[in-house]
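Chain by chain, the residues run as shown.
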Amino acid sequence: MDIAISTTINGRVHDLSVRPNQTLLDLLRDDLSLKGSVEGCGAGVCGSCTVLVDGRPVSSCLMLATNAAGKKITTIEGLSQDGKLDPVQEAFLKHQAFQCGYCTPGMIMAVKGLLLNNPHPTEEQARDYLSGNLCRCGTYVEVLAAVKELATG
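Figured I'd write up the structure that's included with this text. (Residues numbered from 1 in each chain as written. Predicted model: local features only at pLDDT ≥ 70, side-chain atom pairs only at ≥ 80, totals over all residues. Heavy atoms only, no water.)

### Some points on the packing of helix α3 (residues 104–117) against helix α5 (residues 140–152)
How we decide: Axis definition: a line fitted to C-alpha atoms, limited for helices to the stretch in contact. Angles are taken between N-to-C directions and run from 0 to 180 degrees. Runs of H or I in DSSP of at least four residues are treated as helices and runs of E of at least two as strands, each being numbered from the N terminus. Reported orientations rely on four angle classes, namely roughly parallel under 35 degrees, roughly antiparallel over 145, roughly perpendicular from 65 to 115, and oblique for the rest. We call a crossing left-handed when the near helix sits turned anticlockwise from the far one by less than a right angle, and right-handed when that turn is clockwise. The contact criterion used is simple: two residues touch if any of their non-hydrogen atoms lie within 4.5 Å. Amino acid classes used here: Ala, Val, Leu, Ile, Met, Phe, Trp, Tyr, Cys and Pro are nonpolar; Asp, Glu, Lys and Arg are charged; the rest, including Gly, are polar.
Following both chains from N to C, one finds α3 and α5 inclined at 30°, their axes separated by 11 Å at the closest point. For the element pair α3 / α5, the angle class is roughly parallel. Like other packed secondary-structure pairs, α3 and α5 cross with a definite hand, here right-handed. Here M107, V111, L114 and L115 of α3 lie close against α5, whose contacting residues are Y140, V143, V147 and L150. Partitioned by chemical class, the residues of the contact of α3 with α5 number eight nonpolar, no polar and no charged.

Put into C-alpha cells, the structure is as follows:
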C-alpha cells in the first residue's frame, strides 16, 4: 500500500505516492527522473548518492522516501539556477576535481552541505566532513583545492 507524502524537491513541491520500502534515491531516480544522484555501494558508505535534506548531506540510498515528507530536498540538478552553475560546481570545474565523474554529484553535494554549515572550514575539517565520500579515481587533492578556494574566497 503506497503512502502519500508532500515534499519539496529542488524548490518545487511534489505530492507523491511512495512505497513503504522505497528509498529516496529510488524515488528521485525512478519516479522523478532525477538521475544525478547515483547508487555506488547501496549501503551509505561511498557518498555517491548524497543529497541535501534541509541543508544537510544525506545518503539517499539509506533514507526512506516516506521520511522526505515535509522536507526540502536538493539534488545536484537543483544547484544551478537560471542556467548558472553553483559556485561549488564552478570550483570543481576550475580545479578539475573529477575524473570518471561517478562520485562527483555526491561529492559536490557534500561540499555544498559543508559550506552551508561551515563557510570557512579548515583543510582538516573539510577532510573529516568529506570522509564519507569515496572517489575511486583519487581526485581528493583537487576536491580539497576546490573547497579551499571556496572557503577563502
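### Here's the deal with a nonpolar patch on the surface
Spelled out, the test is: Like-charged residues within 9 Å of one another, or nonpolar side chains (Val, Leu, Ile, Met, Phe, Trp, Tyr) within 5 Å, are grouped into patches, provided each residue has over 30% relative accessible area and no salt bridge. For the area figures, the Shrake-Rupley method with a 1.4 Å probe applies, and any residue is considered shielded solely by the protein chains shown. Every case where a carboxyl oxygen of Asp or Glu lies within 4 Å of a side-chain nitrogen of Lys or Arg is listed as a salt bridge. Remark: exposure states derive from per-residue accessible area (1.4 Å probe, protein chains only) relative to the maximum for the residue type, with buried under 20%, exposed over 50%, and partly exposed in between.
On the surface, a cluster of nonpolar side chains totalling about 270 Å² of accessible area is made up of V45, L134 and Y140. Checked against the element boundaries, L134 lands in the loop between α4 (123–129) and α5. By relative accessible area, which is 42% here, L134 ends up partly exposed.

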